[in-house]
Structure formats: structure tokens, C-alpha cells
Amino acid sequence: MKQTLLTLAVAGLLATSAQATPVLLDTISHEYGNGIGRIDPAGTDTLFSNYVLVSERSTSRFSDQLDFSGLSYDSIDHFVLTLTFAETKGLGGTGLLVDWRVRPGLSAYMPAMTKTGATQPVTQSFTFDSSVDTFQAMVRDSAFSLLFVDQGAALNQFRLYDAKLEVFGTRRPAASVPEPGTLALLGLSMLGGWALRRKR
């Protein structure tokens, strides 16, 4: 009996540890520009057919939210943000000391974007977890707030084509319904326990 209980406890622990491994819960994608079905983010940045020109000169800076409020989860472990962009050195690659950075919410943590003067888009991914100061707030609000900051010495702009947010965490466990075989086994063990007590 003790051995059976020990086996069940170990199996339960293994199942719990397996559930705790972060998995991809959902992917939210936004495309930018003024084409059909594309998002016009808040701000005064210039919209083109398939990208938005994010500018340091904008009176209202670029901002967007990648919403995951419809997602059912037990916990969120980290986000992976993938951006497609071009000309982060300024149009034509003429920007002086340009240093565009991704700013999740109003975080103090701002990872640098690849510096490119090319008009051909490049793709770059960034990982944000609980070490980022705005992480818990974004989890609480069920929305990843996307902003940019230019730490360069000149006024600059770049092309932003799209953003993809992958949300990693643990799924909310579904209410388990015992299988018929499990119920039968439970019934037999209870019957056996009752018979043993009667024998004593």
C-alpha cells in the first residue's frame, strides 16, 4: 500500500514538473502601414503602403499594444518579440550615431536594434522576461506595450513593417475527468480495503 502511494506521489510530481515547462501559448502579429487590414498605430508617424515611418520628430511618438487578453493561461514566463524593419541608421543610411532601441512599456531596459542603412527589411528577435521592470505590469494588463527610443545624436527615423509577439508560459490545466478504467480500479481498491477491514 505504501509503495503504491509512493508511486502515485512520484507520478504526480513528474506530471507537475512537466506542466511547469514553458510552452508557446499564442502568437499575436501586427502589420503596419495604410494598406487594407494594416494597423495605424497611435502617433503622427507617416504611413506608407506596407510600413510606418517611425520618427523621432513625431509630436506624438509611435506606440502599439499587442493584446493577449483572450488567452487562457496559468502563468506567463516570457515574451519573444520579433520585428521586421529597415533603415535604422536613418533614411539612406545617413543618420549620425543612430541607436534605435525597443522600449517595452516605459521600461528602463531598452535593447538595441540592428543598425542598418539598407532599404531591404531585416528581422530581429528580443526576449523579455521577469527581469524586465515592466514585465509584471504587462502580464497584469494582458498587453505588451511597444515603443521605441532613439539614443542617437541626431533626429532620425526608420521603417517598421511588422511586429510578432510570442507568449510563452504554462497552460491552465483542464478539469480532469477520470477515465472508466481509472474509476473501476478505484472501485476495486475501495472494495478490497472494505473486505480487509471486515476480515480483521
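The rules behind each value
- Residues numbered from 1 in each chain as written.
- Predicted model: local features only at pLDDT ≥ 70, side-chain atom pairs only at ≥ 80, totals over all residues.
- Heavy atoms only, no water.
- Salt bridge = Lys/Arg side-chain N within 4 Å of Asp/Glu carboxyl O.
- Helix = DSSP H or I, 4+ residues; strand = E, 2+ residues; numbered from the N terminus.
- Buried < 20%, exposed > 50% of the residue type's maximum accessible area, 1.4 Å probe, protein only.
- Polar contact = N/O pair within 3.5 Å; in protein donor to acceptor, adjacent residues only side chain to side chain.
- Contact = heavy atoms within 4.5 Å.
- Core = buried A, V, L, I, M, F, W, Y, C linked by side-chain atoms within 4.5 Å.
- Phe/Tyr/Trp six-rings, centres within 6.5 Å; stacked < 30°, edge-to-face > 60°.

Participant: How should I be thinking about the pattern of salt bridges in this particular structure?
Facilitator: Pairs can form between side chains of opposite charge whenever their charged atoms are close. For the structure on display, the rule yields four salt bridges. Measuring nitrogen to oxygen at the nearest pair gives 2.9 Å for the salt bridge that ties Arg159 to Glu87. Of this pair, Arg159 sits in strand β9 (residues 157-170) while Glu87 sits in the loop between β5 (75-86) and β6 (100-104), and the two are 72 residues apart along the sequence. Note on Arg159: relative accessible area 18%, which makes it buried. A salt bridge links Asp141 to Arg140, with the shortest nitrogen-to-oxygen separation between them at 3.1 Å. The partly exposed category is assigned to Asp141, whose relative accessible area is 48%. Residue Arg140 is classed as exposed on the basis of its relative accessible area of 63%.

Participant: For this particular structure, what's the right way to read the side chain of Ser145?
Facilitator: Within the secondary structure, Ser145 sits in strand β8 (residues 143-150). Using a relative accessible area of 17% as the deciding quantity, one classes Ser145 as buried. Side chain to side chain, Ser145 and Gln65 meet in a polar contact 3.1 Å long. When sequence neighbours within four positions are dropped, the list of residues in contact with Ser145 reads Asp64, Gln65, Arg103, Pro104, Gly105 and Met138.

Participant: Whenever I open this one, the nonpolar core confuses me. Can you help?
Facilitator: One broad rule of soluble globular proteins: the nonpolar side chains tend to lie buried together. One finds Leu83, Leu146, Phe148 and Leu160 to be the most contacted residues of the largest nonpolar core, which totals 33 residues. When contributions to this core are tallied by element, the ones reaching two or more residues are β1 (23-31), β3 (52-55), β5, β6, β7 (122-129), α2 (135-141), β8 and β9. In contact with Leu83, not counting residues within four places along its chain, are Val102, Met113, Val122, Thr123, Gln124, Phe126, Leu146, Phe148, Leu160, Asp162 and Ala163.

Participant: Could you clarify how one ought to interpret the side chain of Thr84 in this entry?
Facilitator: Within the secondary structure, Thr84 is located in strand β5. Take Thr84: its relative accessible area is 14%, and that puts it in the buried class. A distance of 2.9 Å separates the side chain of Thr84 from the side chain of Asp162, its partner in a polar contact. In this structure Thr84 touches Pro121, Val122, Thr123, Arg159, Leu160, Tyr161 and Asp162, once residues within four positions along its chain are discounted.

Participant: Is there a simple way to think about the packing of aromatic side chains in this case?
Facilitator: Working definition: an aromatic ring pair is given by the centre-to-centre distance plus the angle between the planes. Enumeration according to the criterion identifies 12 aromatic pairs in this entry. Note on Tyr51 and Tyr161: the rings are 5.3 Å apart at their centroids and 50° apart in plane angle, and the pair reads as tilted. Here Tyr51, found in the loop between β2 (46-47) and β3, pairs with Tyr161, found in strand β9; they are 110 residues apart in sequence, far enough to count as distant. In terms of burial, Tyr51 and Tyr161 fall into one category: buried. Relative to Phe79, the ring of Phe68 has its centre 5.5 Å away and its plane inclined at 50°; by these criteria the two rings are tilted. Of this pair, Phe68 sits in the loop between β4 (64-67) and β5 while Phe79 is found in strand β5, placing the two residues 11 residues apart along the sequence. For Phe68, a relative accessible area of 1% translates into the label buried. The exposure class of Phe79 is buried, given its relative accessible area of 0%.

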